[in-house]
There are 2 protein chains.
Amino acid sequence: MSETVKIQDVAKAAGVSTATVSRTLSNPSVVSERTRKAVLEAVRATGYRVNRAARNLRTQRTGSILTLIPNIGNPFFSQIIAGIEQVFSEAEYSVLVSDTANIGPAGTPLSHVFQDGRADGVIVLDGILPLSSIESVKGTPNEHLVIYACEWAEGAGIPSIRSDNRSGAIQAVNHLADLGHRAIGHICGPEDNVLTGVRRAAFFEAAEARGLDVRPEWVFPGDFKLASGAAAAEAFLGLKERPTAVFSASDLMAMGFISRLSDAGVRVPEDLSVVGFDDIDLAPYFRPALTTIRQDRMELGRITAQTLLSRLRRPTEVQPDFLHIVPVELVERASTAAPAR
Amino acid sequence: MSETVKIQDVAKAAGVSTATVSRTLSNPSVVSERTRKAVLEAVRATGYRVNRAARNLRTQRTGSILTLIPNIGNPFFSQIIAGIEQVFSEAEYSVLVSDTANIGPAGTPLSHVFQDGRADGVIVLDGILPLSSIESVKGTPNEHLVIYACEWAEGAGIPSIRSDNRSGAIQAVNHLADLGHRAIGHICGPEDNVLTGVRRAAFFEAAEARGLDVRPEWVFPGDFKLASGAAAAEAFLGLKERPTAVFSASDLMAMGFISRLSDAGVRVPEDLSVVGFDDIDLAPYFRPALTTIRQDRMELGRITAQTLLSRLRRPTEVQPDFLHIVPVELVERASTAAPAR
DNA sequence: CTGAAAGCGCTTACAG
DNA sequence: CTGAAAGCGCTTACAG
């Protein structure tokens, strides 16, 4: 690999113009077979590779997609990103993954991503991204190249792919009711998160539909993470009257909850049934194995990527209210059982 | 955001040349204060943003770093990437995360990443990447812009940042020996992984140093994942004579192992002590809380990024044998205790 | 089917 | 301190 070889060098080696080399590489069918062979051979011989920056500048695209996540350190997102990456790498796009915090100082308009030429499309996995940032793309040609996955923001008018959170919560409550539980509690996600509201509302709705008892002190605050589940357990242990079952808005909180409870001698499922949400890899290996609502995160990522990809290919088609809901299912394991007594 | 505004438009608005606009933006000190103010105001008024592709083409750099991981779906890497991202986003670099599989068809030379103008530097978190791929950068100006983190390949002659795997394994064995265990086993990582070899060798070395009994049938194959821990448990349960303690090369395998064992009535730590490796977030919440070797993955990511960053800034400095080892520590929890009897 | 030429939007010696 | 001009390496109408 001596000096970098350019299209010029290939053209010279093949005895054709740079235009022909370019065509052979990007649109081979318009070139005669004889020429194509000569060019391809010259490419091989020289070790030529197209320079991206030059191509991007000329074609006015970047070949990359930006994925914005609230916290790159949170393993919850890795499966989703794997799904996204799978689809886009086949389509010859690079996937950039970034903390929402890293797109710039607070309040940075999302439109900058496009203006800077950093990406051809954006997948937002973070419902907390300020609406004002999202709105900066409204009315621009890039408006339909932004898409929410997993989380979303109410009223953003941006297409969204998400799990069926409502159904998941209802399935959890129904499962508990079917087992005979009459008094149930809930561990919530963070208050500023859209998933929290949907899952909680569906929890109340289903509990009411089944005539279950839910008291305000049985609804515990949380943030989807392990420690907040343990904190909920502390609150639970201080209760005079306890529910016989708890639905947690995430598996991680369910695990933190059960851990702390087991230290205090409360047995799951004998003394208390617990249902989680997500079905992370560990759920079947936790003891008791966690009954939970399975989210197909890989699939969610794939569908999101396919949706964005089709928009990148047919830029005219705009449907801002596009909404795709991925089904979830209850996975019954060992953390739920009929109530004692 | 009408049409895209270019440096030309700013120049016109400020009454200066494009050269002066460019200088104001990239090297403000060479411009007079009066001019600078006028330009900045024109930038503000027009909403100008530098086009990356144009800048990249002109400056012959990309402003991105490529991070290659064996499996983007594996949460083990997310903390490392978070550390990398943190450092590089401050330095105004984008971080591209990609499955090793996605750099191209098997055997794709790593040098392509540079030739394509896809990244200014590469962080390889995957020791399995073929040596021939790595070697393609040898002798090129990009040779010292490739760096291993976490894993590595023996003989690649590429700088490497890694945890002190040897010390970790020795600490695990010593902890077990100190508790009074005389017969110990090991669950290995995948055979084609460098970490597997180092941890296993150190395990044997320390066991011998402490005069412990290790039998071939107590060394279980694995792949770092949950299911292989459960498989090791099956093998363990079939043993006529069992060790009283096991050191697992990953936390995930330790958890899979303990889960399956507890189903079979083997209690940890009463009947068997188990030490993991990694200290993933769940380790303190698993029951029994896992005694393990803590790897500071965020720090590992940060150091890797800083090392690569300094090389990007001073391209002359080449030290192919650069090796940085991040300390690990034993975290004692509830999965280890003195042997019974 | 192919080539000559313009131009994508910047940055940077060079000259003054 | 500033400007005119070249050029980074491609792609793509346009013409033939």
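Per an unreviewed UniProt entry, chain A is named HTH-type transcriptional repressor CytR, and its organism is Pseudoruegeria aquimaris.

Q: What is the right way to read the nonpolar core from this model?
A: In a soluble, globular protein the nonpolar side chains are often hidden away together inside. Counting 156 residues, the largest nonpolar core has A:Phe88, A:Leu110, A:Phe257, B:Phe88, B:Leu110 and B:Phe257 as the members making the most contacts within it. Setting aside residues no more than four positions away along its own chain, B:Phe257 makes contact with B:Ile187, B:Gly229, B:Ala230, B:Ala232, B:Ala233, B:Phe236, B:Val246, B:Leu272 and B:Val274.

Q: Just to check I follow, could you spell out the sheet that holds strand 7 (residues 219-220) of chain B for this structure?
A: Sheets are built from strands paired through backbone hydrogen bonds, the pairs being either parallel or antiparallel. All names here are of chain B. On the basis of which strands lie adjacent, the open sheet formed by six strands has the order 7-6-8-9-10-12 and mixed pairing. Looking at which strands have only one partner, the edges of the open sheet turn out to be strand 7 and strand 12 (329-331). Both strand 6 (residues 184-187) and strand 7 contribute to a ladder of two bridges, which runs parallel. Each residue of the ladder has a partner; that of His 186, found in strand 7, is Val 219.

Q: In this structure, what is going on with the protein's contact with DNA strand C? I would like to understand it.
A: Near DNA strand C lie 25 residues; those nearest to it are A:Thr20, A:Arg23, A:Thr35, B:Ser22 and B:Arg58. Considering DNA strand C, the proportion of its atoms within 4 Å of the protein that are sugar or phosphate atoms stands at 66%. A distance of 3.3 Å separates a base nitrogen of DNA strand C from a polar side-chain atom of A:Arg58. In the model, a base oxygen of DNA strand C is placed 2.4 Å from a nitrogen or oxygen of the B:Arg58 side chain. Broken down by secondary-structure element, the contributors of at least two residues to the surface near DNA strand C are helix 2 (18-26) and helix 4 (52-59) of chain A together with helix 2 (18-26) and helix 4 (52-59) of chain B. Tallied by class, residues from the surface near DNA strand C come to nine nonpolar, nine polar and seven charged.

Q: Where do I start with the packing of helix 8 (residues 165-179) of chain A against helix 9 (residues 194-209) of chain A in this structure?
A: Residues and elements named next belong to chain A. Running from N to C, helix 8 and helix 9 cross one another at 40°; their axes reach a closest spacing of 8 Å. Taken together, helix 8 and helix 9 sit at an angle that is classed as oblique. Relative to helix 9, the crossing made by helix 8 is right-handed. Along its contact with helix 8, which presents Asn 165, Arg 166, Ala 169, Ile 170 and Val 173, the element helix 9 presents Leu 195, Val 198, Arg 199, Ala 202, Phe 203, Glu 205, Ala 206 and Ala 207.

Q: Looking at this model, I keep getting lost on the pattern of salt bridges. Mind explaining?
A: Opposite charge on two side chains allows them to pair when their charged atoms are near. Under the defined criterion, the tally for this structure stands at 30 salt bridges over all chains. Note that A:Asp271 is salt-bridged to A:Arg267, the shortest N-O span being 2.9 Å. With a relative accessible area of 34%, A:Asp271 lands in the partly exposed category. Classification of A:Arg267 as partly exposed rests on a relative accessible area of 48%. A salt bridge links A:Arg294 to A:Asp279; its shortest N-O distance comes to 3.5 Å. Pair noted here: A:Arg294 is in strand 10 (residues 291-294) and A:Asp279 is in the loop between strand 9 (273-278) and strand 10, with a separation of 15 residues, a long-range link. The exposure class of A:Arg294 is partly exposed, given its relative accessible area of 33%. Residue A:Asp279 is classed as buried on the basis of its relative accessible area, which comes to 14%. Shared partners join several salt bridges into a network, and the residues in it are A:Arg49, B:Asp116 and B:Arg118.

Q: How should I be thinking about the environment of B:Phe203 in this particular structure?
A: All names here are of chain B. Along the chain, Phe 203 falls in helix 9 (residues 194-209). What makes Phe 203 buried here is its relative accessible area of 0%. For Phe 203 and Ala 172, which are 31 residues apart along the polypeptide, the C-alpha to C-alpha distance reads 8.1 Å.

Q: Teacher, can you tell me more about the interface of chain B and chain A here?
A: Note: interface size is frequently given as the accessible area lost on complex formation between the parts. On the chain A side, the residues contacting the 48 residues of chain B number 48 residues. Summed over both partners, the interface of chain B with chain A buries about 4100 Å², with 58% contributed by carbon and sulfur atoms. Together, B:Arg49, B:Tyr285 and B:Arg287 form the three largest contributors to the area buried by chain B at its contact with chain A, with a combined 16%. Note that B:Arg49 and A:Asp116 form a salt bridge whose closest N and O atoms lie 2.8 Å from each other. Our enumeration of links across chain B and chain A arrives at 16 residue pairs in polar contact (both at pLDDT 80 or more). Looking at the side of chain B that touches chain A, the elements that each hand over two or more residues are helix 4, helix 5 (78-90), strand 2 (94-99), helix 6 (111-115), helix 10 (226-237) and helix 11 (251-263) of chain B. For the side of chain B that touches chain A, the class distribution of residues is 20 nonpolar, 18 polar and ten charged.

Q: Hey, could you run me through the sheet that holds strand 7 (residues 219-220) of chain A in this one?
A: Residues and elements named next belong to chain A. The strand order across the open sheet built from six strands is 7-6-8-9-10-12, with neighbouring strands paired in mixed fashion. Sheet topology places strand 7 and strand 12 (329-331) at the edges, where each strand pairs with a single neighbour. Sheet analysis places strand 8 (residues 245-248) next to strand 9, joined by three bridges and oriented parallel. Residue Phe 247 lies in a different strand from strand 9, and its bridge partner there is Val 275. Those strands touched by helix 9 are strand 6 (184-187), strand 7, strand 8 and strand 9, and its axis lies near 175° from that of strand 6. With respect to the sheet, helix 11 (residues 251-263) is in contact with strand 6, strand 8, strand 9 and strand 10, its orientation differing from that of strand 9 by roughly 150°.

Q: Looking at this structure, how should I read the domain arrangement of chain A?
A: Residue and element names in this part refer to chain A. Looking at the assigned domains, one finds that chain A contains domain 1 (7-50), domain 2 (59-163 + 298-326) and domain 3 (165-295). Between the C-alpha centres of domain 2 and domain 3 there is a distance of 31 Å. Facing the seven residues of domain 2 at the interface are nine residues of domain 3. Here domain 2 and domain 3 share three residue pairs in polar contact (both at pLDDT 80 or more) between them.

Conventions adopted
Residues numbered from 1 in each chain as written. Chains lettered and ligands numbered in written order. Predicted model: local features only at pLDDT ≥ 70, side-chain atom pairs only at ≥ 80, totals over all residues. Heavy atoms only, no water. Core = buried A, V, L, I, M, F, W, Y, C linked by side-chain atoms within 4.5 Å. Buried < 20%, exposed > 50% of the residue type's maximum accessible area, 1.4 Å probe, protein only. Contact = heavy atoms within 4.5 Å. Pairing = 2+ DSSP bridges. Helix = DSSP H or I, 4+ residues; strand = E, 2+ residues; numbered from the N terminus. Near = heavy atom within 4 Å. Polar contact = N/O pair within 3.5 Å; in protein donor to acceptor, adjacent residues only side chain to side chain. Nonpolar A, V, L, I, M, F, W, Y, C, P; charged D, E, K, R; others polar. Axes fitted to C-alpha atoms, helices over the stretch in contact; angles between N-to-C directions. Parallel < 35°, antiparallel > 145°, perpendicular 65-115°, else oblique. Left-handed = near helix turned anticlockwise from the far one by under 90°. Salt bridge = Lys/Arg side-chain N within 4 Å of Asp/Glu carboxyl O. Buried area = accessible area lost by both parts, 1.4 Å probe. Domains from an automatic or database assignment.

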